[in-house]
Amino acid sequence: MTTKNQIVAAVDIGTTKVVAVAGIRDEFGKINILGYGISESKGVVRGSVQNVSEVSAAINNAVAKCKSTSGCDFKNIFVGIAGQNVRVEVNTHSKFIDSGIIRQADIEQLTKEVYTISKDAGEEIIHVIPQGYTVDGGKVFGNVAGCTGRKLEGKFFVAVGRANCVSAIRQAVTLSGLNIVKIILEPIASGEAVLTEDEKEAGVLVADFGGGKTDIAVYQQKVLKTTSYVPFGGNAITADIQKACQLLERQAEKLKIEYGSALNLSEYSKKMAVVPGFGSTKEVLFSDLANIINARLDEILGGISSVLDKEDIKDSLAAGVVITGGGSKMTNILKLIKFRLPVEVRVGQIRNVLLPSENINDPAFSSAVGLVIKGFEYLDSYRLQQQMLSSQEQKSQSQSQEKEKKSEEKEKSSAPEKKKGGFFQRLKRLASDFLEDPDDQLK
């Protein structure tokens with residue numbers, strides 16, 4: 001597996017849409033998105049695959065469009081998994097170092113062992129992400145490879161996919177005639193697409209406002225600290241409008257997009273939208289619409305606030321909150337978040353990749369593009385591991401050959417000594433016989 005001229009394709013299976021994206025990396029290391037495809041999502045409820053056949057059909061549709069716009073063919077893909085389908089834990093694991101010097105291979109082995117001890121039957125580990133290391137009980141700042149010590153201990157963020165959820169995703173993809181290279185946690189992908197390294201270092205929370213749920217990821221000191229989710233998204237807002245105003249779902253969705261606001265401002269008091277009804281028109285005040293939206297967003301932001309309180313990190317987010325996803329485009333949502341949390345907040349735009357058109361330069365596509373970015377990162381890691389394994393094998397073979405060579409040389413050098421030793425022993429006996437006292441021989 002190589003990343004040279006490698007096409008990386010990803011599929012983001014969302015509640016409202018399925019997005020397929022394909023990209024390539026140029027000679028300067030820049031990722032170019034070649035094309036994308038979008039399909040209406042069916043069979044997905046709040047990020048979880050429920051109808052495998054419907055999801056497979058949506059994947060096929062999105063992938064076909066992606067292949068057409070990108071001009072490339074692919075079969076292997078990276079796929080996202082929603083936060084509610086994953087359980088998260090933080091584990092520590094240690095390893096004794098015989099040589100006394102920690103090598104990169106020791107670090108890789110430590111991480112590999114975590115993959116085998118942190119899951120139950122049927123579960124699949126999605127990510128094992130180091131959060132820090134200690135050597136002989138002392139915390140290491142910076143690169144741990146090259147440090148001296150006997151005990152290496154690591155603290156790891158572990159994301160474990162629930163067995164039935166992972167199985168449903170794999171079935172839907174397989175039914176589409178595609179192969180999954182790796183499943184990636186969606187909030188991590190979203191963060192990769194919209195966050196800067198400075199924000200990750202300073203401390204930041206990224207919230208991806210999707211259709212079925214809101215995914216959360218928190219970074220500090222460039223390390224992923226936790227992920228979580230709130231089980232509500234844009235679809236819940238649409239359902240609230242539909243119920244309160246007694247509209248069809250498509251009418252409620254149109255109202256939300258065209259006239260919705262996260263805050264009820266004074267200028268909305270006399271404005272209204274006219275919606276076709278059953279035999280007559282229906283009037284909806286902008287202020288009523290804003291109150292409905294505000295109530296649900298306040299609940300979502302309350303879930304985000306509880307994550308900050310639980311992790312005790314509200315005062316450690318120097319970079320504040322970055323929001324992305326389709327819901328981040330809601331009018332006045334930034335003002336609401338600043339008032340509700342309160343923290344610095346911005347809308348996260350896709351960065352660090354070249355996009356084929358402005359149509360995909362949208363927060364709604366951040367998770368899909370992030371999957372491609374994480375895909376290249378995975379291939380780089382895989383290639384490095386293969387190089388390390390190859391190097392170890394060559395070293396082992398070299399040591400074995402050297403050992404065999406020394407053994408052969410030892411056998412060759414010992415053979416003449418035995419013959420030489422036998423000759424001198426015989427000569428010594430002859431001399432001994434010749435020099436013996438004649439009187440002794442007569443006794």
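Residues numbered from 1 in each chain as written. Predicted model: local features only at pLDDT ≥ 70, side-chain atom pairs only at ≥ 80, totals over all residues. Heavy atoms only, no water.

### Overview of the overall build of the protein
Part 1 of the argument: The helix and strand tally for the protein stands at 11 helices and 19 strands.
Part 2 of the argument: In the protein, which comprises 443 residues, the share counted as buried stands at 45%.
Part 3 of the argument: In the protein, once contacts between residues fewer than 6 apart in sequence are set aside, the share between residues at least 24 apart is 68%.
Part 4 of the argument: In the structure as shown, the protein presents an accessible area of about 23,300 Å², 49% of it carried by carbon and sulfur atoms. (Helix = DSSP H or I, 4+ residues; strand = E, 2+ residues; numbered from the N terminus. Buried < 20%, exposed > 50% of the residue type's maximum accessible area, 1.4 Å probe, protein only. Contact = heavy atoms within 4.5 Å. Areas by Shrake-Rupley, 256 points an atom, 1.4 Å probe, with all protein chains shown as cover.)

### So, the packing of helix α1 (residues 52-70) against helix α3 (residues 163-175)
A pair of packed helices is characterised by two quantities: the angle between their axes and the separation of those axes.
Part 1 of the argument: Axis separation between α1 and α3 bottoms out at 8 Å; the angle between their running directions is 50°. For the element pair α1 / α3, the angle class is oblique. Along this stretch, α1 crosses α3, giving a crossing that reads as right-handed. Along the contact surface, α1 presents V52, S53, V55, S56 and I59, while α3 presents A168, Q171, A172, V173 and L175.
Part 2 of the argument: Considering only residue class, the contact of α1 with α3 consists of 7 nonpolar, 3 polar and no charged. (Axes fitted to C-alpha atoms, helices over the stretch in contact; angles between N-to-C directions. Parallel < 35°, antiparallel > 145°, perpendicular 65-115°, else oblique. Left-handed = near helix turned anticlockwise from the far one by under 90°. Nonpolar A, V, L, I, M, F, W, Y, C, P; charged D, E, K, R; others polar.)

### A closer look at the layout of surface pockets
Empty space among the atoms can be located by rolling a probe the size of a water molecule over them.
Part 1 of the argument: Taken as a whole, the second largest pocket holds about 990 Å³ of empty space.
Part 2 of the argument: In terms of lining residues, the second largest pocket is bounded by 42 residues, among which T16, G211, N235, E253 and K256 are the most central.
Part 3 of the argument: Sorting the residues of the lining of the second largest pocket by element identifies β1 (7-13), β12 (204-209), α6 (234-245), α7 (249-259) and α8 (286-311) as the ones contributing at least two each.
Part 4 of the argument: Tallied by class, the residues present in the lining of the second largest pocket amount to 10 nonpolar, 18 polar and 14 charged. (1 Å grid on protein atoms, 1.4 Å probe; cavity = no way out; pocket = protein on both sides within 12 Å on 5 of 7 lines; lining within 4 Å. Points joined across faces, edges and corners; volume = space filled by probe spheres on them.)

### Details of the sheet that holds strand β8 (residues 124-135)
Part 1 of the argument: If you trace the 4 strands from one edge of the open sheet to the other, you get β7-β10-β8-β9, paired in antiparallel fashion. Pairing within the sheet leaves two strands with one partner each, and these edge strands are β7 (86-96) and β9 (138-140). Taken over all neighbouring pairs, the strand axes of this sheet differ in orientation by 35° on average, direction set aside. (Pairing = 2+ DSSP bridges.)

### Quick word on the side chain of R296
Part 1 of the argument: Structurally, R296 is set in helix α8.
Part 2 of the argument: There is a polar contact of 2.9 Å between the side chain of R296 and the side chain of E299.
Part 3 of the argument: Among residues more than four places away in sequence, those in contact with R296 are F232, A236, I237 and D240. (Polar contact = N/O pair within 3.5 Å; in protein donor to acceptor, adjacent residues only side chain to side chain.)

### Description of the nonpolar core
Part 1 of the argument: Counting 63 residues, the largest nonpolar core has I13 and I59 as the members making the most contacts within it.
Part 2 of the argument: Once residues lying within four places of it in the same chain are set aside, the contact partners of I13 are V18, V44, V49, V55, I59, V79 and E186.
Part 3 of the argument: In terms of nonpolar packing, the next biggest core, distinct from the first, is built from 42 residues, A207, V284, L308 and L317 among them. (Core = buried A, V, L, I, M, F, W, Y, C linked by side-chain atoms within 4.5 Å.)

### Examining unusual backbone geometry
With glycine set apart, most residues show a phi of negative sign, and most peptide bonds adopt trans.
Part 1 of the argument: With an omega of -25°, the peptide bond running from L341 to P342 counts as cis.
Part 2 of the argument: Backbone geometry at Q221 places phi at a positive 50°, although glycine is not the residue there.
Part 3 of the argument: Among the structural elements, Q221 can be located in the loop between β13 (214-220) and β14 (223-230).

### Comments concerning the side chain of K256
Part 1 of the argument: Note that K256 resides in helix α7.
Part 2 of the argument: A distance of 3.1 Å separates the side chain of K256 from the backbone oxygen of G234, its partner in a polar contact.
Part 3 of the argument: Within the structure, K256 has its side chain in polar contact with the side chain of E253 (distance 3.2 Å).

### A word on α6
Part 1 of the argument: With 12 residues, α6 extends 17 Å from end C-alpha to end C-alpha; this agrees with the ideal 16 Å at 1.5 Å per step.
Part 2 of the argument: Of the residues making up α6, those classed as buried are G234, A236, I237, T238, I241 and C245.
Part 3 of the argument: Residues of α6 that are buried in the fold lie against α7, β16 (281-285) and α8.
Part 4 of the argument: One or two positions beyond α6, positive phi appears at Q246, with a value near 55°. (Expected span 1.5 Å × (residues − 1).)

### Quick look at the sheet that holds strand β11 (residues 179-185)
Part 1 of the argument: Pairing in this open sheet of 6 strands is mixed, and the strands run β11-β6-β1-β2-β3-β19 from one edge to the other. Among the strands making up the open sheet, the edge pair consists of β11 and β19 (353-354).
Part 2 of the argument: Strand direction decides the pairing type here: strand β3 (residues 31-40) and β19, joined by 2 bridges, are parallel. Looking at the pairing, N32 lines up with L354 of β19.
Part 3 of the argument: Sheet contacts for α1: β1, β2 (17-25) and β3; angle to β3, the most-contacted strand, approximately 140°.

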